[in-house]
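Chain by chain, the residues run as shown.
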Amino acid sequence: MDRFDLVHDGWLPLRRQDGAVVEAGIERALIEADTFAELVVELPTQVPALLRQVLLPVVADAVGLPADRAEWRRRFEAAAFTEDERDRIRAYLAEHGERFQAFGDTPFAQVGALEAVSGETKGAGLLVATESTGNNVPLFGARTEAEPPALTPAEAVRWLVHAHCWDTAAIKTGAKGDSKVKAGKTTGNPTGPLGQLGVLLPTGRTLYETLLLNLPIGPKSLLGSPHWRRPPAGAVWSAAGHPDGLLELWTWQSRRIRLVPEDTPQGVRVRRVIVAAGDRMRELPEWEPHTAWKYDKPAAKAEAADRKPRRYVPGKAIWRGLEALLSVHLSDLDSGSVETSSLLRQAADLRAVGALQEDYPLRVEAFGIMYGTQSAVIEDVYHDRIPLPVAALQADAELYGALVEMTSQAERLSRAVNHLSADLRRAAGLDPIPWDKGQRPGEQLLHRLDPVVRRVLGHVGGLDDERLEAVLLAWEQAAFRVTRQIADDVFAAVPESVFAPRRSSGDQEASAVKAGLGHVEGNLRRDLAVILPRAAEQRRAAGAVPSKTLPLIQAVGA
């Protein structure tokens, strides 16, 4: 059977700067990192898996972490690996080449001699998050467990590293030689490490910049060692592990896996696999760089146990939690406190010393998997990407306050429209739409405002005060127009009988008067004037509500 060499054979799908997509081995992906824009994957959650399990550890171990801000700046401004750094990457990959083989005695991220107690293997769909396997039945799965996919070696390795990061919890196959196996299986397995996080990934214009943005600044002692520099893992797993450094955290072997290759007329394919219990992390290190944090208590009273990764809500755009994303220093939200990821705090520090320019087009990608039924099934996959102005990563900056105000206005407008809907439904003798059932008009409003917010985030970096104020006015005008459109739809659904106030004997107080359309409309107008003061002032100055608002992009370019 042919070897599949992860160093040189193409398996990492990358988009070049000209838009073409190629599959590259690890060496080419890193040596030419400045020519690639991004990874192109089957499922968004493969991106952090490939970066953490493969690319970032190789760069950090071969070239080293930036020792200080000055070194980070030098490397970032170089825009590419130097010839010396490329030589070190090549030498490193050559030294550890045998551990970067997909198959063989010491296959990459696997246990070469792994066998199930039952002697059986399972379909390769067990690795693929979008395939129907066991209790995990995706909504749009087109194939049953009886028809496992025939994965190419490249596909199989991509899903292999994805499983180490995101695999479901609960029962796993019992491995021969593991004394902890009971009835042919192991229980109590947690999800993969990233499944317990809301992953935040800063990204740049090229793969090279993305790698640098995700390398923490610090001494070599932070690193530890990746799995390929340690003795190959056996069938027995650890129940109380703790990463010895950043590289072990990134390459954590949360499962014992073996890919079973077979020769087919189409070439080598993987149709069968074994997935057994792997190392269980005792607790998430406080230095995990790829997540924001939430405290169950105010920071002044919080203990280490109160600090937990901040996860994402399905269907909720990442900009709706922008204040938490920009919280370089602890900030109170609701009953607890939040802080952003250490990598975004690092970006704020780099901006402060001029290593990152205020107009640098930084983006942040968020990833998460929502599990159900004891975390044994995948219910939803979360992925979002927004521009994040570097200048906003400073709590005392005007841009920070402006962006937090903008997202707060969107949420308040959503609540105002929901209150409008509830008042009109009560006036019609109906109950308001429950918050957890059906779609309330406030959610429609946030959906309509989403592209406007993203446009603002993409254009406010580096603006002076006057132009920023013009953008905020344009935002409020656009938000006012969209809110009125949604409100008009809500009014149009109201029966004519609700036009005037009326009494209802069904109320707790017989004299209660239900509001008519005029009263409800007046409340909405007052809410809009309070929430969007710039737009309200502009309307007062013009003497009337404008029929058309200033296009946002025009205001940005003014």
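J.: I tried to follow the packing of helix α10 (residues 398-427) against helix α13 (residues 517-531) on my own but got confused; where do I start?
T.: Helix-helix packing is characterised by the crossing angle of the two axes and by the distance between the axes. Direction vectors running N to C along α10 and α13 enclose 175°, while the axes themselves pass 10 Å from each other. One way to sum up the angle between α10 and α13 is to call them roughly antiparallel. Contacts between α10 and α13 involve Gln-409, Arg-412, Leu-413, Ala-416, Leu-420, Asp-423 and Leu-424 from the former and Leu-517, Val-520, Leu-524, Asp-527, Leu-528, Val-530 and Ile-531 from the latter. Its residues placed into classes, the contact of α10 with α13 shows 10 nonpolar, one polar and three charged.

J.: Which parts of the structure should I look at to understand the packing of helix α2 (residues 46-63) against helix α4 (residues 83-95)?
T.: Direction vectors running N to C along α2 and α4 enclose 110°, while the axes themselves pass 9 Å from each other. It follows that α2 is roughly perpendicular to α4 by the angle criterion. Of the residues in α4, those touching α2 at Val-58, Asp-61, Ala-62 and Val-63 are Glu-85, Arg-88, Ile-89, Tyr-92 and Leu-93. Its residues assigned to classes, the contact of α2 with α4 shows six nonpolar, no polar and three charged.

J.: How do you make sense of the packing of aromatic side chains when you look at a structure like this?
T.: Remark: the centre distance and the inter-plane angle together describe each pair of aromatic rings, the angle taken between the planes. In the structure shown here, the tally under the stated rule is seven aromatic pairs. Ring pairing ties together the aromatic residues Trp-72, Phe-76 and Tyr-360, which thus form one cluster. Seen from the ring of Trp-237, Lys-180 lies directly overhead, with NZ or CZ sitting 4.2 Å from the centre. When the ring centre of Phe-480 is taken as origin, the NZ or CZ atom of Arg-539, which lies over that ring, is 3.9 Å away.

J.: How should the pattern of salt bridges be read in this particular structure?
T.: Charged atoms that come close allow side chains of opposite charge to pair. One pass over the structure, following the stated rule, counts 37 salt bridges. Three or more residues joined by partner-sharing salt bridges are found here, namely Arg-15, Glu-38, Glu-365 and Arg-385.

J.: Mind showing me how you'd approach the sheet that holds strand β2 (residues 21-24) here?
T.: Read across the sheet, three strands follow the order β2-β1-β3 without closing on themselves; strand pairing throughout is antiparallel. The open sheet has two edge strands with one neighbour each: β2 and β3 (36-39). Between one strand axis and the next, the sheet turns through 40° on average, direction left out of account.

J.: Where do I start with a negative patch on the surface in this structure?
T.: Together, Glu-398, Asp-464, Asp-465 and Glu-466 make up a region of like negative charge exposed at the surface. Along the polypeptide, Asp-465 turns up in helix α12 (residues 465-492).

About the cut-offs
Residues numbered from 1 in each chain as written. Predicted model: local features only at pLDDT ≥ 70, side-chain atom pairs only at ≥ 80, totals over all residues. Heavy atoms only, no water. Axes fitted to C-alpha atoms, helices over the stretch in contact; angles between N-to-C directions. Helix = DSSP H or I, 4+ residues; strand = E, 2+ residues; numbered from the N terminus. Parallel < 35°, antiparallel > 145°, perpendicular 65-115°, else oblique. Contact = heavy atoms within 4.5 Å. Nonpolar A, V, L, I, M, F, W, Y, C, P; charged D, E, K, R; others polar. Phe/Tyr/Trp six-rings, centres within 6.5 Å; stacked < 30°, edge-to-face > 60°. Lys NZ or Arg CZ within 6 Å of the ring centre and 35° of its normal. Salt bridge = Lys/Arg side-chain N within 4 Å of Asp/Glu carboxyl O. Pairing = 2+ DSSP bridges. Patch = residues over 30% accessible without salt bridge, like charges linked within 9 Å, V, L, I, M, F, W, Y side chains within 5 Å. Areas by Shrake-Rupley, 256 points an atom, 1.4 Å probe, with all protein chains shown as cover. Lys, Arg positive; Asp, Glu negative; His and termini not counted. Charge placed at Lys NZ, Arg CZ, Asp CG, Glu CD.

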